[in-house]
Amino acid sequence: MPAIPSPDHAPALGRHPFSVAPMLDCTDRHFRVLMRQISCEALLYTEMVVAQALHYGHRRRLLDYDPIEHPLALQVGGDDPLLLAEAARMGEVWGYDELNLNLGCPSERVQAGRFGACLMAEPDHVARCIEAMATSTSLPVTVKHRLGIDYQESYDHLLTFVDIMAEAGAQRFIIHARKAWLHGLNPKENRTIPPLRYDWVARLKQDRPGLSIVLNGGLTTMADCRQALTMCDGAMVGRAAYDHPLRWADVDGAFYGHSPRHPPRPSAIVEAMVPYAEAHMARGGRLWNVARHLLQLVQGVPGARAWRRRLSEGAMVRDADLKVLRQATGELERHGY
Ligand SMILES: Cc1cc2nc3c(=O)[nH]c(=O)nc-3n(C[C@H](O)[C@H](O)[C@H](O)COP(=O)(O)O)c2cc1C
């Protein structure tokens, strides 16, 4: 049996009971800055950045972030150990806190590049990728994967896969607790149709107590996350963080020992985002890039729908300026939000 890394890895890795999942088109730098207004401790992940794009593409556009985003993990996708090693070095130079390899995405585009979830069929190759990353950087290298793919789905298979990755140098295992069907289901269906099996993740933690295991998939409330933390080391939330950002206002108090605080008001958050949006626009960006993530800040209260409509109509216009955000703040304040 492969050696299991000792918990000595933990200091470099840090303790992260709560994290926000990587989500393409959602967890860009603007959303991450928004999440930082809500929790200063949650570990944030970038959207997946393809290693090949980093090699050939516009690195600053792909890697730049705001210092407020720390702790921040760079998620990479790829299957070429050399390119992944290069991506790992770039991640370190750019000051990220962790490098994460995507082994869970089942999209056809990603499969065509032979990375994401389909790599779960090739554990030895995955091990080479992880080794290449781990030996190229002093940052912790972590993985995000599924329980299995297609018909390759058994607890023993999962355990063997995790052991091989641990031996190769992976330091945290974020497990989207359902399998993925590589053919027949699209990515959205692959996030809902295969059943969640939290019991497998709990069993894995029992069988490998020295490994850092994070549960992902279907966690929608603080209570769900508390429950996850009774089974393993961390809870990662994806869609529910994007769709309901303020639901997570108590993360720092509940999971990081901060003293409880009043949940931030949506108006205060929008106001805090104004200087950030201003800096983004000064770099040539559009207001909408930032404002689109603010729409879900106000929900389920009188006037919320009208507020969202006005903000989106105002901010979507090509030359929209900061007045739109200031007006939005004023309107929220008038309603007491
Ligand atoms: C719009 C969207 C984009 C996603 N993009 C990524 C991605 O880039 N990398 C990744 O590992 N997972 C990605 N995922 C999967 C999420 O990270 C997460 O594993 C999944 O949504 C299950 O968690 P949840 O039930 O908390 O949403 C994406 C999910 C969504 C909804």
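The rules behind each value
Here the residue numbering is sequential within each chain, running from 1 through the sequence in written order. For this predicted model, a pLDDT threshold of at least 70 governs which residues receive local features, and a threshold of 80 or more governs which side-chain atom pairs are given and counted, while totals over whole chains, interfaces and linings are taken from all residues. Helix numbers and strand numbers start at the N terminus; a helix is a DSSP run of H or I with at least 4 residues, a strand a run of E with at least 2. Radius of gyration means the value over C-alpha atoms here, while the globule rule gives 2.2 Å times the residue count to the 0.38 power. By definition, residue pairs are in contact when their C-beta atoms, positioned from the backbone, come within 7 Å. Should the C-beta atom of a residue, placed from the backbone, lie within 6 Å of a molecule or strand, that residue is near it. Classes in brief: Ala, Val, Leu, Ile, Met, Phe, Trp, Tyr, Cys and Pro nonpolar; Asp, Glu, Lys and Arg charged; the others, Gly included, polar. Helix axes use the C-alpha atoms of the stretch in contact, all axes being lines fitted to C-alpha atoms, and the angles between their N-to-C directions lie in the range 0 to 180 degrees. Here the angle decides the label: under 35 degrees means roughly parallel, over 145 means roughly antiparallel, 65 to 115 means roughly perpendicular, and every other value means oblique. Handedness of a crossing follows from how the near helix is turned relative to the far one, being left-handed for an anticlockwise turn of less than a right angle and right-handed for a clockwise one. Exposed residues have 12 or fewer other C-beta atoms within 10 Å of their own C-beta, buried residues have 20 or more, and residues in between are partly exposed; the C-beta atoms are placed from the backbone. A strand pair is defined by DSSP finding two or more bridges across the two strands. Note on handedness: a crossover is taken as right-handed if, strands pointing away from the viewer, the path from the first strand over the helix to the second is clockwise. What a helix should span is 1.5 Å times the count of its residues minus one. Among buried residues, those of type Ala, Val, Leu, Ile, Met, Phe, Trp, Tyr and Cys that are joined through C-beta atoms within 7 Å form a set called a nonpolar core. Each domain span listed reflects an automatic or database assignment of domains.

### A word on the overall build of the chain
Consideration 1: On a plain count of helices and strands, the chain comes out with 16 helices and 9 strands.
Consideration 2: In terms of overall size, the chain behaves like a compact globule, its C-alpha atoms giving a radius of gyration of 20 Å where 337 residues would be expected to give roughly 20 Å.
Consideration 3: The principal-axis extents of the C-alpha atoms in the chain amount to approximately 65 × 45 × 40 Å.
Consideration 4: Restricting to contacts in the chain with at least 6 residues of sequence separation, those with at least 24 account for 73%.

### Describing the site of the ligand
Consideration 1: Within the structure, the ligand sits among 23 residues, and A21, M23, M48, G238 and R239 are positioned closest to it.
Consideration 2: When its residues are assigned to classes, the shell around the ligand shows 10 nonpolar, 8 polar and 5 charged.

### Here we look at the packing of helix α13 (residues 266–282) against helix α16 (residues 323–334)
Consideration 1: Taken N-terminus to C-terminus, the directions of α13 and α16 make an angle of 165 degrees; their axes are 8 Å apart at the nearest point. On the basis of their axis angle, the class for α13 and α16 is roughly antiparallel. Handedness of the α13/α16 crossing: left-handed. Between α13 and α16, the contacting residues are P266, S267, V270, E271, M273, V274 and A277 on the first element and L325, R326, A328, T329, L332 and E333 on the second.
Consideration 2: Looking at side-chain class alone, the contact of α13 with α16 contains 8 nonpolar, 2 polar and 3 charged residues.

### Considerations on the pairing of strand β7 (residues 172–176)
Consideration 1: Burial runs high along β7: 5 of the 5 residues are buried.
Consideration 2: One ladder, built from 5 bridges, connects strand β6 (residues 141–146) with β7; its direction is parallel. Bridging from a neighbouring strand, K144 pairs with I174 of β7.
Consideration 3: In this region the chain leaves β6, passes through helix α8 (residues 155–168) and returns to the parallel neighbour β7; the handedness of that crossover is right-handed.
Consideration 4: By the bridge criterion, 5 bridges tie β7 to strand β8 (residues 212–216) in an arrangement that is parallel. Following the sheet pairing, H176 is matched in β8 by N216.

### Brief notes about helix α7 (residues 123–134)
Consideration 1: If you check α7, its first and last C-alpha atoms are 16 Å apart, about what 12 residues at 1.5 Å a residue would give, namely 16 Å.
Consideration 2: Taken together, the buried positions of α7 are occupied by V126, A127, C129, I130, A132 and M133.
Consideration 3: Packed against the buried residues of α7 are α5 (81–93), β5 (98–103), β6 and α8.

### Notes on the nonpolar core
Side chains of a nonpolar character, in soluble globular proteins, are inclined to be buried together.
Consideration 1: The biggest cluster of nonpolar side chains holds 98 residues, and the ones touching the most others in it are L84, I130, M133 and M165.
Consideration 2: Two domains each provide a minimum of three residues to this core, namely domain 1 (7–256) and domain 2 (266–334).
Consideration 3: Every residue in contact with I130, bar those within four places of it in the chain, is listed here: L101, V141, V143, M165, A168, G169 and A170.

### Observations concerning the environment of G77
Consideration 1: One can find G77 in strand β4 (residues 72–77).
Consideration 2: Linking G77 and N102, residues 25 residues apart in sequence, is a C-alpha distance of 5.2 Å.
Consideration 3: In contact with G77, not counting residues within four places along its chain, are M48, V50, A51, N102, C105, V110, F115 and G116.

### Some words on the domain arrangement of the chain
Size of an interface: often given as the accessible area lost when the parts come together.
Consideration 1: Segmentation of the chain into domains returns domain 1 (7–256) and domain 2 (266–334).
Consideration 2: Taking the mean C-alpha position of each, domain 1 and domain 2 sit 30 Å from one another.
Consideration 3: With 9 residues of domain 1 at the contact, the number on the domain 2 side is 12 residues.
Consideration 4: Per-class residue counts for the side of domain 1 that touches domain 2 are 5 nonpolar, 3 polar and 1 charged.

### What to know about the packing of α7 against α8
Consideration 1: As a packed pair, α7 and α8 sit with axes 8 Å apart at the nearest point and diverge in direction by 25 degrees. On the basis of their axis angle, the class for α7 and α8 is roughly parallel. When the axes of α7 and α8 are compared, the crossing they make is right-handed. Contact with α7, carried on its side by P123, V126, A127, I130 and E131, involves F161, I164, M165, E167 and A168 of α8 and no other residues of that element.
Consideration 2: Residues that form the contact of α7 with α8 fall into these classes: 8 nonpolar, no polar and 2 charged.

### Some details on the environment of L229
Consideration 1: Looking at the element boundaries, L229 is found in helix α10 (residues 222–231).
Consideration 2: Here L229 falls in the partly exposed class, since 17 other C-beta atoms lie within 10 Å of it.
Consideration 3: As for L229 and Y155, which are separated by 74 residues in sequence, their C-alpha atoms are 20 Å apart.
Consideration 4: Residues within four places of L229 in sequence aside, it is in contact with P17 and A235.

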